Amino acid sequence: METIGALAKKAMLQHVDNVAARDEGGTLTYGQLKKRACQLAHALMQSGLNKGDRVATLMSNRKEHIEIDAAIAFAGLVKVPVNYRLHPKEATYIIEHAGVGVVIGEGQLLAGLSANVERIDVEAAYEPFLQMQSDDFPDVAVGEDDLFAIMYTSGTTGKPKGAMLTHRNMVAGALSLIQACEITYGDTIGHVAPLTHGTNFWRKPHGSTGSSKSFLKSLSRAALSMNWKNSK
């Protein structure tokens with residue numbers, strides 16, 4: 001079975017001009033995604049992160065999520081998605097419990113953290129962080145049984161617990177959804193729920209087939225209408 005990075009690489013090379021993602025800030029093609037994800041992977045590695053290290057995300061629904069996913073997969077890192085609707089104390093607990101080395105998120109959310117961890121503001125420091133980096137695929141050996149993500153439970157009966165998901169877990173789920181829902185490169189999926197929940201798993205099958213993802217920060221008639229119009 002393949003890895004998340006291998007599936008992403010195929011889509012990036014086969015569907016260069018297809019729209020990979022869109023949000024209120026614009027669109028991102030698979031060709032652009034390839035460049036930016038590789039740049040981010042190299043930047044994270046040059047910052048001192050090694051294979052198996054944890055990278056957290058703390059931000060609303062936006063297209064940078066798929067850049068981070070691909071970069072983490074290429075570099076053999078582990079993603080820790082944190083729900084941006086959590087209280088800062090809850091987010092801090094998850095970040096510290098998971099042993100996160102870097103958090104990429106929105107400035108206002110990052111400011112609420114009390115964890116001693118490197119922070120990259122996706123609205124300020126993120127673009128300079130990518131600049132001057134190679135856009136070649138990183139030369140990192142990543143296997144299907146390597147850890148890809150730690151997804152935390154809601155913690156309703158106690159402290160949140162991290163569910164550890166390997167590349168094999170994620171790829172098996174993606175391939176099952178592709179077959180069951182007959183997903184093709186011409187499809188578009190809209191993400192409204194926070195990407196730390198079930199909607200997160202729908203990005204992998206769409207990303208591996210060259211189809212498009214629309215990221216919405218809220219559910220409204222105007223947002224849905226714009227999403228539908230732009231997907232045509």
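Scroll up for the structure.
An account of the accompanying structure is given in this report. (Residues numbered from 1 in each chain as written. Predicted model: local features only at pLDDT ≥ 70, side-chain atom pairs only at ≥ 80, totals over all residues. Heavy atoms only, no water.)

## Let's talk about the overall build of the protein chain
Assigned secondary structure in the protein chain consists of nine helices and ten strands. Looking at the protein chain residue by residue over its 232 residues, the buried ones come to 51%. For the protein chain, contacts bridging at least 24 residues in sequence account for 67% of all contacts bridging at least 6. Taken as a whole, the protein chain presents about 10900 Å² of accessible surface, with 52% of it coming from carbon and sulfur. (Helix = DSSP H or I, 4+ residues; strand = E, 2+ residues; numbered from the N terminus. Buried < 20%, exposed > 50% of the residue type's maximum accessible area, 1.4 Å probe, protein only. Contact = heavy atoms within 4.5 Å. Areas by Shrake-Rupley, 256 points an atom, 1.4 Å probe, with all protein chains shown as cover.)

## Comments concerning the pattern of salt bridges
Here the structure, examined in full by the defined rule, presents eleven salt bridges. Across the pair Asp69 and Lys79 runs a salt bridge whose closest N-O atoms are separated by 2.5 Å. Here Asp69 is found in helix H3 (residues 64–75), whereas its partner Lys79 is found in strand S4 (residues 78–81), with ten residues between them in sequence. Across this residue pair, the class does not change: Asp69 and Lys79 are buried. Arg168 is the salt-bridge partner of Glu144, the closest N and O atoms lying 2.5 Å from each other. Taken together, the positions of Glu144 in the loop between helix H6 (126–130) and strand S7 (147–152) and Arg168 in helix H7 (residues 167–181) put the pair 24 residues apart, joining distant regions of the chain. A single network of salt bridges, built from pairs that share partners, joins Arg62, Glu64, Glu106 and Glu123. (Salt bridge = Lys/Arg side-chain N within 4 Å of Asp/Glu carboxyl O.)

## Some thoughts on the packing of aromatic side chains
Two measures describe an aromatic ring pair: the distance that separates the ring centres and the angle between the ring planes. Taken as a whole and assessed by the stated rule, the structure comprises one aromatic pair. If you follow Lys34 out to its NZ or CZ, it ends over the ring of Phe137, 5.0 Å from the centre. (Phe/Tyr/Trp six-rings, centres within 6.5 Å; stacked < 30°, edge-to-face > 60°. Lys NZ or Arg CZ within 6 Å of the ring centre and 35° of its normal.)

## Looking at empty space enclosed by the protein
Enumeration according to the criterion identifies two cavities of 30 Å³ or more in this entry. Of the voids in this model, the second largest cavity is the one considered here, and its volume is about 40 Å³. Forming the boundary of the second largest cavity are Met59, Asn61, His65, Val82, Asn83, Tyr84, Pro194, Leu195 and Thr196. Here the lining of the second largest cavity is built from residues that sort into five nonpolar, four polar and no charged. (1 Å grid on protein atoms, 1.4 Å probe; cavity = no way out; pocket = protein on both sides within 12 Å on 5 of 7 lines; lining within 4 Å. Points joined across faces, edges and corners; volume = space filled by probe spheres on them. Nonpolar A, V, L, I, M, F, W, Y, C, P; charged D, E, K, R; others polar.)

## Looking at helix H4 (residues 88–98)
Among the residues making up H4, those that are buried are Ala91, Thr92, Ile94, Ile95 and Ala98. Viewed end-on, H4 has its buried residues packed into an arc of 160 degrees, placing them on one side of the element. Set apart from the buried face of H4 by more than 90 degrees, the exposed residues are Lys89 and Glu96. Taken together, the buried residues of H4 touch strand S3 (54–58), S4, strand S5 (100–105) and S7. A positive backbone phi angle near 70 degrees is found at Gly99, which sits one or two residues after H4. (Arc of directions from axis to C-beta.)

## As for the nonpolar core
Counting residues in each nonpolar core, the largest one holds 41 residues, and the members touching the most others are Met12, Leu33, Leu40, Phe74, Ile104 and Tyr126. When residues of this core are traced back to their parent elements, those giving at least two are helix H1 (4–14), strand S1 (19–23), helix H2 (30–46), H3, S5, H6, S7 and H7. Filtering out sequence-adjacent residues up to four positions away, Leu40 remains in contact with Glu67, Ile68, Ala71, Tyr126, Phe129 and Leu130. Core analysis: the next-biggest nonpolar cluster, separate from the first, contains 19 residues, Tyr84, Ala115, Val117 and Leu147 among them. (Core = buried A, V, L, I, M, F, W, Y, C linked by side-chain atoms within 4.5 Å.)

## Quick look at the pairing of S1
Across the five residues that make up S1, a large majority, four, are buried. Across four bridges, S1 lies against strand S2 (residues 26–29) in antiparallel orientation. By the bridge assignment for S2, Val19 is matched with Thr29. Once S1 ends, the chain turns through two residues before running back antiparallel as S2. (Pairing = 2+ DSSP bridges.)

## What about H3?
Taking 1.5 Å per residue as the helical rise, H3 with its twelve residues ought to reach 16 Å, and the 16 Å between its terminal C-alpha atoms agrees with that figure. The buried fraction of H3 is high, at twelve of twelve residues. Regarding H3, the residues found buried are Glu64, His65, Ile66, Glu67, Ile68, Asp69, Ala70, Ala71, Ile72, Ala73, Phe74 and Ala75. Of the residues trailing H3, Gly76 is marked for its positive phi of about 75 degrees. (Expected span 1.5 Å × (residues − 1).)

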